[in-house]
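Close look at the chain arrangement
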Amino acid sequence: MSANLANIYADLLRKYGEHHTITYGAPPSYLLTIVGPEEVEPGKKIVFFYKEDRSMAMASLVKTTPKKTMEGNSDVNLDLTGSPLKDDCLADAIGDLSLNLQLEVINPWKPEEEYHRGLPVDLARKIICTESFQRERCSGSCWFLCDGNDFGHTQLLQYEFDKSHFCRGILTYQGVLPVSFVTAQSLARQHFMAGGEPLETCIENSYQVNPNITLNCIWWSHSSVPELINLSDCDVSLKQIFRVSNCSPITQDLMNQLRILAYIREDIINYHSNVKSGQRGDPTYRCGRGVDMGELSESINQMMNEVSPVVDSYGNVHNDFDFEEAIQRCKFRNITDLTDKLWELLKSCGSYQDLKLAFSMVFQCAARCNIVNTPTNTNRLAEIIRELVNRRLAIPCLNGAEPLELLFEIGLDKVYKDYEFIYTESKVCSSSLLKDCSGTGVEESNGDDPSQGLGQTRKSLHNGGGRGDATAATAGARKTLLHLNAAVRKEKFDDVPGLKNSRFDEQESLHRLSKLFQTHCTLEHLLMLQMNLNLPNICVDVCSKLLKKKPKLVESIDDKLSDTIDIDVSAHYVREYLEGKDPHSRRIIMKSNKKFRDVKTTFYFNMENICPPELAQCFQCDDKEMIEDRTYHSWLYRKIKSFK
């Protein structure tokens, strides 16, 4: 039947398209907001008839403050780390990257809707009343945007095609009225004039905590004069938007670590793409500010030869669900595992060559010194260090993207532990639940353990040029990867344990990074709840629901990213907070039916005008400033369905 509605669109376009704009697609946002999803189903197409005026396009552009352009070398511009050896990190650079402070007004309508203009009501009615228009047999709706210049301020006319009924709708702008004027008696009286006593009423109140947090309360009533406020047995849903550009100051360090991981992964993928296309050259590492390599060597030796501190035990002396406190403690917690410490150190290297040299320092120290701080993590770098310590592996020679891949893997582990600390210390989530939701746990070796099947035979990744083809060697012989390019190594040694310097996988890395970003978004949502609503009782439930969601795959992390949640909460949790507050918006739908016709009246109220001001002339003469009380912009939509 939608094909027939498309035919109507084509017919209208042929007759009126020269002087009007006619679309066949999604309805405008203001129409969806006023009439609700019951009348215009999300994803369903309509025919929309209006005029378009772009003459004021330049005048209506929102002025924004441009972001600073960072001068200098691009490697410096992307530094989010600073130096662990000296405090030379530019706070301004971090601020420019992590906070996009654009002074932009976020309007409830879409930008392209600012060009919508209405046609005269008489013309719209004339088109609807033509015999050829009403004779069409199909299903769906055709909406006509009107200029509102008539006495009733008609904004939209609707004709719904139905085989057995005549269906028409009219949406009018009722102007601005004080909040106190919205009563059940006045609404029932308006509905009664067209449809008699209401048999069923649906009330939806939306309370705006701030522009990013909304609580929706909805319930049904069969009373002729229903309650317009009901906080006892309504269904409550929480809608909340977290924008990366509005990242909380106390979580900025965590977000910067995710940015670094995203940059590293992007550089790894770009390098492998270049290799496949025949381009040569070293990978790019652009996330560190640079450190003195002599100081770095001393720090590595000290780090690998010092005894790990005892893990902090905080017990139950701290408040439950205090995320701010847990985040602050996370910044100063004792990091025990060696590879976690190396992440904090190595990510500050200023170039790929420095990073590669830093890994060589790590391997040489592990091979030649009796290190005390043996890593306990299961990542590939930890395995290599343990094998070097146990004298079962010669010093590896990293090539290509391997230094970046090792750094990326230890970064994933370190950042995950940061979130694990915060969630468990705030007592909002157990460590086991976080691992289950993140798909992170004790990784299987998958044959990468050098001790499996090879005894104590020492393996070498270099200095083996005279030993012939490695495939001819026996299981207990000395292995080598000398002079073999990446393709040959992959073909010959993917099934040989202990010979891969890195186990980077593009899809797995994308999933793990995306899951960490989802974990961070969940933390931001919980912080927003704590700071704005102070509802600790729902934190555990909300946390569990958000962590169990399938993550949205995130290739890069920038200020345009956002995360929206829409979850149900119990009414008694929010009752105390909402009592005495006026809803920011209201939608009241009254229905009644008689023998030959059904009537539905939708009253919509909003403290803000949800339509572009230039949409209709009636929006230019609002007397909102003249009313001292809190006010609503008001719309009335009435739909009448009668038998043919």
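Each value, and the rule that gives it
Residues numbered from 1 in each chain as written. Predicted model: local features only at pLDDT ≥ 70, side-chain atom pairs only at ≥ 80, totals over all residues. Heavy atoms only, no water. Helix = DSSP H or I, 4+ residues; strand = E, 2+ residues; numbered from the N terminus. Buried < 20%, exposed > 50% of the residue type's maximum accessible area, 1.4 Å probe, protein only. Contact = heavy atoms within 4.5 Å. Areas by Shrake-Rupley, 256 points an atom, 1.4 Å probe, with all protein chains shown as cover. Arc of directions from axis to C-beta. 1 Å grid on protein atoms, 1.4 Å probe; cavity = no way out; pocket = protein on both sides within 12 Å on 5 of 7 lines; lining within 4 Å. Points joined across faces, edges and corners; volume = space filled by probe spheres on them. Nonpolar A, V, L, I, M, F, W, Y, C, P; charged D, E, K, R; others polar. pLDDT = per-residue confidence, 0-100. Pairing = 2+ DSSP bridges. Phe/Tyr/Trp six-rings, centres within 6.5 Å; stacked < 30°, edge-to-face > 60°. Core = buried A, V, L, I, M, F, W, Y, C linked by side-chain atoms within 4.5 Å. Axes fitted to C-alpha atoms, helices over the stretch in contact; angles between N-to-C directions. Parallel < 35°, antiparallel > 145°, perpendicular 65-115°, else oblique. Left-handed = near helix turned anticlockwise from the far one by under 90°. Polar contact = N/O pair within 3.5 Å; in protein donor to acceptor, adjacent residues only side chain to side chain.

**Examining the overall build of the protein chain**
Check the secondary structure of the protein chain and you find 19 helices and 13 strands. Residues counted as buried form 50% of the 644 residues belonging to the protein chain. A separation threshold of at least 6 residues defines the contact pool for the protein chain, and within that pool the share at least 24 residues apart is 74%. Here the protein chain displays about 31,200 Å² of accessible surface, and carbon together with sulfur accounts for 50% of that area.

**Thoughts on helix H19 (residues 571-578)**
When H19 is considered as a whole, its buried residues turn out to be Ala 571, Val 574 and Leu 578. Buried residues of H19, viewed axially, fall in a sector of 80 degrees; they line one side. Elements that come into contact with the buried residues of H19 comprise strand S7 (200-210), strand S8 (213-221), strand S9 (235-243) and strand S10 (562-569).

**What to know about empty space enclosed by the protein**
Empty space left among the atoms is revealed by rolling a probe the size of a water molecule over them. Across all of its chains, the model carries 2 cavities of 30 Å³ or more by this definition. Every residue lining the second largest cavity is listed: Gln 518, Cys 521, Thr 522, Leu 546, Lys 549, Asp 563 and Ile 565. At the level of secondary structure, the elements contributing two or more residues to the lining of the second largest cavity comprise helix H17 (506-532) and S10. Each residue belonging to the lining of the second largest cavity can be placed in one class, and the counts come to 3 nonpolar, 2 polar and 2 charged.

**Section: the environment of Pro 551**
Mapped onto the elements, Pro 551 comes out in the loop between helix H18 (539-547) and S10. Once the C-alpha coordinates of Pro 551 and Ser 514 are considered, the two residues, 37 residues apart in sequence, prove to be 6.2 Å apart. Setting aside residues up to four positions removed in sequence, Pro 551 forms contacts with His 511, Ser 514, Lys 515 and Gln 518.

**A word on the environment of Ala 366**
Examined against the element boundaries, Ala 366 turns out to sit in helix H12 (residues 352-368). Not counting the four nearest positions on each side in its chain, Ala 366 is found in contact with Met 304, Ile 371, Ile 385, Leu 388, Val 389 and Arg 391.

**As for the environment of Leu 516**
With respect to the helices and strands, the residue Leu 516 is situated in helix H17. Overall, Leu 516 belongs to the buried group, its relative accessible area being 7%. Sequence separation between Leu 516 and Ser 438 is 78 residues; the distance between their C-alpha atoms is 7.6 Å. When sequence neighbours within four positions are dropped, the list of residues in contact with Leu 516 reads Leu 258, Leu 261, Leu 412, Val 415, Tyr 416 and Tyr 419.

**Thoughts on helix H10 (residues 323-331)**
Looking at H10, one finds that the buried residues are Phe 323, Ala 326, Ile 327, Arg 329 and Cys 330. All buried residues of H10 project into a common sector of 165 degrees when viewed along the axis, lining one side. Lining the buried residues of H10 we find helix H14 (402-425), H17 and H18.

**Some remarks on the confidence of the model for the protein chain**
Overall, the predicted model of the protein chain reaches an average pLDDT of 81, with 78% of residues at or above 70. Across residues 82-104, where pLDDT falls below 50, the model places 56 contacts with residues more than four positions away in sequence or in other chains. Below a pLDDT of 50 lies the segment residues 441-498, which in the model reaches 77 contacts outside its immediate sequence neighbourhood of four places, other chains included.

**Regarding the pairing of strand S2 (residues 46-52)**
The element S2 is largely enclosed, with a buried count of 5 among its 7 residues. Direction of pairing for strand S1 (residues 21-25) relative to S2: antiparallel, over a ladder of 5 bridges. Across the sheet, Gly 25 pairs through a bridge with Ile 46, a residue of S2. For S2 and strand S4 (residues 140-145), the ladder comprises 3 bridges, and the chain directions are parallel. In the strand pairing of S4, Phe 48 is matched with Trp 143. Looking at chain direction, S2 and strand S3 (residues 116-117) are connected through 2 bridges and run antiparallel. Of the residues in S3, the one forming a bridge with Glu 52 is His 116.

**Considering the pairing of strand S11 (residues 585-593)**
Of all 9 residues in S11, 7 are buried; the element is thus mostly enclosed. Where S7 meets S11, 7 bridges bridge the pair, whose relative direction is antiparallel. The residue of S11 that forms the bridge with Ser 206 is Ser 585. Counted along the chain from S11 to the antiparallel partner strand S12 (residues 597-606), the turn is 3 residues long.

**Section: the packing of aromatic side chains**
What the rule picks out here adds up to 14 aromatic pairs. Between the aromatic rings of Phe 133 and Phe 144, the centroid separation amounts to 6.2 Å while the plane-to-plane angle is 65 degrees, which identifies the pairing as edge-to-face. With Phe 133 in helix H6 (residues 131-134) and Phe 144 in strand S4, this residue pair connects regions lying 11 residues apart in the sequence. With a relative accessible area of 6%, Phe 133 lands in the buried category. Measuring from ring centre to ring centre gives 5.3 Å for Phe 133 and Phe 161, while their planes differ by 55 degrees; the resulting arrangement is tilted.

**Some points on the nonpolar core**
In terms of nonpolar packing, the biggest core is built from 116 residues, with Ile 264 and Tyr 423 touching the most fellow members. Of the residues forming this core, the biggest block, 12 residues, is contributed by H14. Apart from the residues within four sequence positions on either side, Ile 264 is in contact with Tyr 285, Cys 287, Trp 343, Leu 404, Leu 407 and Phe 408.

**Here we look at the packing of H14 against H17**
The N-to-C vectors of H14 and H17 enclose an angle of 25 degrees; their axes lie 11 Å apart at closest approach. Here H17 runs roughly parallel to H14, going by the angle between their axes. Of the two possible hands of crossing, H14 and H17 adopt the one that is left-handed. Where H14 approaches H17, its residues Phe 408, Leu 412, Asp 413, Val 415, Tyr 416, Tyr 419, Ile 422 and Tyr 423 are matched on the opposing element by Ser 509, Arg 512, Leu 513, Leu 516, Thr 519, His 520, Thr 522, Leu 523 and Leu 526. Class assignment of the residues belonging to the contact of H14 with H17 gives a composition of 11 nonpolar, 4 polar and 2 charged.

**Structural notes on unusual backbone geometry**
Positioned with a positive phi, Lys 427 is a non-glycine residue whose angle comes to about 60 degrees. Relative to the assigned elements, Lys 427 resides in the loop between H14 and helix H15 (431-438). Look at Asn 534: it is not a glycine, yet its phi comes out positive at around 55 degrees. Assignment of secondary structure puts Asn 534 in the loop between H17 and H18.

**What about the side chain of Asn 379?**
Locating Asn 379 in the fold gives a position in the loop between H12 and helix H13 (380-389). Since its relative accessible area comes to 0%, Asn 379 is described here as buried. Polar contacts involving the side chain of Asn 379 include one to the main-chain amide nitrogen of Ala 382, which spans 2.9 Å. Those residues in contact with Asn 379 that sit more than four places away from it in its chain are Thr 339, Glu 409, Ile 410, Asp 413 and Arg 503.

**Overview of the packing of helix H9 (residues 293-305) against helix H11 (residues 338-346)**
Orientation of H9 relative to H11, taken along the N-to-C sense of each, is 165 degrees, at an axis distance of 11 Å. When the axis of H9 is compared with that of H11, the two are roughly antiparallel. Crossing of H9 over H11 shows right-handed handedness. Residue-level inspection shows Leu 296, Ser 299, Ile 300, Met 303 and Met 304 of H9 in contact with H11, the latter providing Leu 338, Lys 341, Leu 342, Leu 345 and Leu 346. The residue makeup of the contact of H9 with H11, split by class, is 8 nonpolar, 1 polar and 1 charged.

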